[in-house]
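Architecture and fold: a report
Residue strings, one per chain:
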Amino acid sequence: MFRRTFWFGTGVAAGVWATTKVNRKLKQLTPDSLAATAANKALDVGTRVRDRAVGFALDVRDNMAQREAELDDALGLKAPVDRELPAPRHHAAIENSKDPEYVVDDRTTHSYNRNEDH
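In short, a report on the structure. Predicted, not measured: the structure shown is a model, and the values here were computed from it.

Next up on the list: the overall build of the protein. Along the protein, the regular secondary structure elements total two helices and zero strands. For the protein, the proportion of its 118 residues judged to be buried stands at 0%. Accessible surface, the protein: about 12200 Å² in total, of which carbon and sulfur atoms supply 58%.

A word on the packing of aromatic side chains. By the definition in use, this model includes one aromatic pair. Relative to tryptophan 7, the ring of phenylalanine 6 lies with its centre 5.0 Å away and its plane at 75°, an arrangement referred to as edge-to-face. The class for tryptophan 7 is exposed, based on a relative accessible area of 56%.

Turning to the pattern of salt bridges, a few remarks are in order. Taken as a whole and assessed by the stated rule, the structure comprises two salt bridges. For arginine 50, the salt bridge identified is with aspartate 51, shortest N-O distance 3.2 Å. Residue class for aspartate 51 comes out partly exposed when judged on its relative accessible area of 44%. Among the salt bridges present, the one from glutamate 70 reaches arginine 67, with a minimum N-O distance of 3.2 Å. In this pair, glutamate 70 and arginine 67 are both assigned in helix 2 (residues 31-75), three residues apart and thus about one turn of the helix distant. Given the relative accessible area of 47%, arginine 67 is considered partly exposed.

So, about helix 2. Compared with the 66 Å implied by 1.5 Å per residue over 45 residues, the 64 Å span of helix 2 between its first and last C-alpha is a close match. The first or second residue beyond helix 2 is glycine 76, which carries a positive phi of 70°.

The rules behind these values
- Here the residue numbering is sequential within each chain, running from 1 through the sequence in written order.
- In keeping with the model being predicted, local features are shown solely for residues with a pLDDT of at least 70 and side-chain atom pairs are shown and tallied solely at 80 or more, while totals for entire chains, interfaces and linings include all residues.
- Note: side-chain values were computed over all heavy atoms of the structure, leaving out hydrogens and water.
- Each helix is a run of H or I in the DSSP string that is no shorter than four residues. Each strand is a run of E no shorter than two, and both are numbered from the N terminus.
- Exposure is judged per residue with a 1.4 Å probe applied to protein chains only, and the accessible area is read against the type maximum: over 50% gives exposed, under 20% gives buried, and values in between give partly exposed.
- In short, Shrake-Rupley with a 1.4 Å probe defines the accessible areas, and a residue's cover is counted only from the protein chains shown.
- Pairing of aromatic side chains requires ring centres within 6.5 Å, counting the rings of Phe and Tyr and the six-membered ring of Trp. Pairs whose planes differ by under 30 degrees are stacked, by over 60 edge-to-face, and all others tilted.
- Any carboxyl oxygen of Asp or Glu that lies within 4 Å of a side-chain nitrogen of Lys or Arg is treated as forming a salt bridge with it.
- The span one expects for a helix is its residue count, reduced by one, times 1.5 Å.

Put into structure tokens, the structure is as follows:
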């Protein structure tokens, strides 16, 4: 009697274990779960690529500054520059109506009423 109870319990436990495993695998294979897994992997890859690109850009900038310093030393361009830059020019995009040179011509040869033609 004890042997039968033991094997029955063992069979029930194995059935529960197998059912749980199968259900977990089926949930992993649903379209929503597959999409979420793919999105997570894409984010991970994107993060790694971004980190490598940032590292590469920093390396390029450091090496560029080092090479520029080497060229400056070789060409004797280490002397400071004392000239000032010219002031930036500003052009008005819209004329100022308070400006005396701005003249408004109110005489028009056509009407702006769009309904007049119909």
